[in-house]
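Structural description and commentary
Okay, here's what each chain looks like letter by letter:
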Number of protein chains: 2
Amino acid sequence: MKNIAILGSTGSIGENALNIIESEPDRFRVVALAARTNVEKLAAQIEKFHPKLVSVADAQKAQELRSMVKRRVRIVTGAQGAIECATHPDADIVVAAMVGAAGLPPTHAAVCAGKQVALANKETLVIAGGIVMQEARRSKAVIIPVDSEHSAVFQALRGEKKKSVRRLILTASGGPFLGMSSVQMSKVTVERALKHPNWSMGPKISIDSATMMNKGLEVIEARWLFNMPPSMIEVVVHPQSIVHSMVEFHDSSVIAQMGPPDMRSPISFALNYPDRLAMDIPRLDFSRLMTLTFEPPDLTRFPCLALAYQATQAGPSAPAVLSAANEVAVEAFLNRKIGFLDIPRMVEKTLNESPNFPVNTIADVLAVDHWARARARELIGRR
Amino acid sequence: MKNIAILGSTGSIGENALNIIESEPDRFRVVALAARTNVEKLAAQIEKFHPKLVSVADAQKAQELRSMVKRRVRIVTGAQGAIECATHPDADIVVAAMVGAAGLPPTHAAVCAGKQVALANKETLVIAGGIVMQEARRSKAVIIPVDSEHSAVFQALRGEKKKSVRRLILTASGGPFLGMSSVQMSKVTVERALKHPNWSMGPKISIDSATMMNKGLEVIEARWLFNMPPSMIEVVVHPQSIVHSMVEFHDSSVIAQMGPPDMRSPISFALNYPDRLAMDIPRLDFSRLMTLTFEPPDLTRFPCLALAYQATQAGPSAPAVLSAANEVAVEAFLNRKIGFLDIPRMVEKTLNESPNFPVNTIADVLAVDHWARARARELIGRR
């Protein structure tokens, strides 16, 4: 029996994790749930899964939740509450699926506590990879990625030695604008940009997929997660999203992890690791013609990918600037304040104006995040 | 330092293995070489690799070899000589690359002696899989396949548990006649049949690839090597021969092993196992558009594949009958005595006329092989 804490239980990763937990009551038990504001959904989850501890954004949400829940459950609030969930002494596995920089402190806390962390929060490794992985080595926390690409690399590396690796090859769908010229891209609407060909995702990540910043952030994550220099991490465009990523070894053998695009697959892998549980997930269908294509990414038309490589090779604070500026720019695009191609422009400007900040602690990282958000907002407002 | 014995050192697998050994003099040393009749090549190998023991077909070949070699080396002959090479007390790894049923006794002997066996001889598992694998369990011999498909499955299973496997998916190029109708196939010449699109191989295996019997034999081998029922082994046509095979697990995740088609890759893997050595083997090139296709095999146009499934699900002697009858039929086709589509017809006839023989020993298996060859020759002569 494994005890699970879920940070971000009302989001899509959190809900999928709970579905898997529900289908395996002999294997999993929920001990803690953290959400921000969706107390209706959280209340229903409490009634169903009986956690000992839940966390919400603030005292008002806690009061609302209290009025909805009949069961006895401890309710905590704020950043400290999320950290309490992440470090609950009974929790064996922490699903770190809170969105944004707010997910960093509790995820970091889970790593410090030596938990097995099913990692879905992007910011943890993008903006604080060096700090978090150093901590994981100390605490012996096992970090299992929940992103399909990193899960694929993790699976391809099973039973292999790290010194045998020549390169990691992250696949990218290329997003909805793969074949589009820069001129066409300059005119795309929010609605077009939100339509991802293979995956159904939230608006922020859908836009990141359309700009390919998503893949750039994944390169930075992979760098830390697998302890590889960025020069050993390549991106290849694979529009069908069947091969989720690959590892090439020194003997030129390539191991790939494949499957129909389904978010439950890497979540199930992370929860059941080191086992593989029978899952009712669609299978690859080889009874019909299947065509897979691979091509190099076009860094001219997708400058966000190049910016991410530059940021992770620049000073240690640059990825945090990149990530924060991108979040602000994507929000501005979604609010129709800037065009699609202004996203990389704004990120690049913010990066160019950024000094090299020291990043020795999580507080340092959050200060950089703050600075970059403010600077990006200013740059966007000035246009 | 690993000591290597090579059975079939003058064939293409043997020569490739020696090339790898030559490039890593600090890692490998040759202790024994077995060949049948190519004494010129064997003499050159002796001068270069200094084995302690060599084996040739008979006393006359031994005399010829003796006259060519200046170095002191023990020369043995016949089936017993090959077995002596296979069980040389200094040998850590035995490369079992003799062709045909003659390769079975020495390979079996290496397994009985608990050697690490780099297995390239098809007959070992096709006709005697049950006996050999039982012996391997007893002697703790590790069998590493050298066939690209089985090597791919072996690699995909690294670090995984066998109980997690849902199915093995062997890829097949489909050979040179993939898109051809049965009518067209009935008229193909030997020259056309020998032209394989991706691999450069000997005539027997090239024809087996054109009929897809090759893939059928590989299904039978995989059954024994990975201890899986034939119903868990699927074949999918993949004309580009980049994905060498795949394993699907119960969570619907598929692990594939990929690479440019190059025989040295699985040989190097088997010799270096459990390590992966840096090899000067061409890399998958993702800098250009790459298209991979997969489609189900057509068992009507390629009846040999269906015959192999039937044989391995029938009595324990049927695969030996299948393999022997196929060898005779392919030889008759190569000698222009029968047409291309007569190959499956002759195999099916021989299978249909075959009683269920007992197969408890290697001698039993060789007796079945004998019976089937004679019967197939008779059936072909009678036409």
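Just so you know, these numbers come straight off a predicted model, no measurement behind them. (Residues numbered from 1 in each chain as written. Chains lettered and ligands numbered in written order. Predicted model: local features only at pLDDT ≥ 70, side-chain atom pairs only at ≥ 80, totals over all residues. Heavy atoms only, no water.)

Another aspect to go through is the domain arrangement of chain A. All names here are of chain A. Per the domain assignment, the segments of chain A are domain 1 (2–145), domain 2 (148–183 + 191–260 + 285–299) and domain 3 (314–383). The centre of domain 2, based on its C-alpha atoms, is set 24 Å off from the matching centre of domain 3. Across the contact, 14 residues belong to domain 2 and 13 residues belong to domain 3. Counting each side, the surface lost to burial between domain 2 and domain 3 is near 1,000 Å², with a carbon and sulfur contribution of 81%. It is K204, I207 and M213 that lose the most area in domain 2 upon contact with domain 3, and together they represent 41% of the buried surface on that side. On the surface where domain 2 and domain 3 come into contact, there are one salt bridge. Two residues, R336 and E191, come together in a salt bridge whose shortest N-O distance is 2.8 Å. At the boundary of domain 2 and domain 3, one finds two residue pairs in polar contact (both at pLDDT 80 or more). Sorting the residues of the side of domain 2 that touches domain 3 by element identifies helix 9 (190–194), helix 10 (203–211) and helix 11 (213–225) as the ones contributing at least two each. In terms of residue count, the dominant contributor to the side of domain 2 that touches domain 3 is helix 10 (six residues). The residue inventory of the side of domain 2 that touches domain 3, partitioned by class, reads nine nonpolar, two polar and three charged. (Domains from an automatic or database assignment. Contact = heavy atoms within 4.5 Å. Buried area = accessible area lost by both parts, 1.4 Å probe. Salt bridge = Lys/Arg side-chain N within 4 Å of Asp/Glu carboxyl O. Polar contact = N/O pair within 3.5 Å; in protein donor to acceptor, adjacent residues only side chain to side chain. Helix = DSSP H or I, 4+ residues; strand = E, 2+ residues; numbered from the N terminus. Nonpolar A, V, L, I, M, F, W, Y, C, P; charged D, E, K, R; others polar.)

This next bit is on the side chain of A:T124. Among the secondary structure elements, A:T124 is positioned in helix 6 (residues 122–139). Beyond its immediate stretch of four places on either side in the chain, A:T124 contacts A:G103, A:L104, A:T107, A:L119, A:G129 and A:V132.

Another point: the relation of the copies chain A and chain B. Placing chain A over chain B gives an RMSD of 0.0 Å and needs a rotation angle of 180°, together with 0.0 Å of translation along the axis. Put plainly, the chains are arranged around a two-fold axis. Within chain A, A:G159 has its C-alpha nearest the rotation axis, a separation of 2.0 Å. Of the interface residues in chain A, 98% have counterparts in chain B that sit at the interface too, so the contact is made through matching surfaces. (Least-squares fit on C-alpha atoms with pLDDT ≥ 70 in both.)

Attention now moves to the interface of chain A and chain B. On the chain B side, the residues contacting the 47 residues of chain A number 46 residues. Ranking the residues of chain A by area buried against chain B places A:D251, A:R276 and A:F286 at the top, with a combined share of 19%. Linking chain A with chain B are ten salt bridges. For the pair chain A and chain B, the number of links is 28 residue pairs in polar contact (both at pLDDT 80 or more). Among the secondary structure elements, those contributing two or more residues to the side of chain A that touches chain B are strand 8 (165–172), strand 9 (233–237), strand 10 (243–249), strand 11 (254–258), helix 12 (264–272) and strand 12 (290–294) of chain A. Taken together, the residues of the side of chain A that touches chain B break down into 22 nonpolar, twelve polar and 13 charged.

Next up on the list: the sheet that holds strand 6 (residues 116–119) of chain B. Residues and elements named next belong to chain B. The seven strands lie next to each other as 4-3-2-1-5-6-7, forming an open sheet whose pairing is parallel. At either end of the open sheet lies a strand with only one pairing partner, and these are strand 4 (74–77) and strand 7 (143–145). Neighbour-to-neighbour, the strand axes of the sheet open up by a mean angle of 25°, direction not taken into account. Pairing of strand 1 (residues 2–7) with strand 2 (residues 28–34), which is carried by six bridges, proceeds in the parallel orientation. Considered in strand 2, the bridge of I6 is made with L33. (Pairing = 2+ DSSP bridges. Axes fitted to C-alpha atoms, helices over the stretch in contact; angles between N-to-C directions.)

This next bit is on the packing of helix 6 (residues 122–139) of chain B against helix 11 (residues 213–225) of chain B. Residues and elements named next belong to chain B. Contact pair helix 6 / helix 11: the axes reach a minimum separation of 8 Å and the direction vectors enclose 20°. In terms of axis orientation, helix 6 runs roughly parallel to helix 11. Of the two elements, helix 6 crosses helix 11, and the hand of that crossing is left-handed. Across the interface between the two elements, K122, L125, V126, G129, G130 and M133 of helix 6 pack against N214, L217, E218, I220, E221, W224 and L225 of helix 11. (Parallel < 35°, antiparallel > 145°, perpendicular 65-115°, else oblique. Left-handed = near helix turned anticlockwise from the far one by under 90°.)

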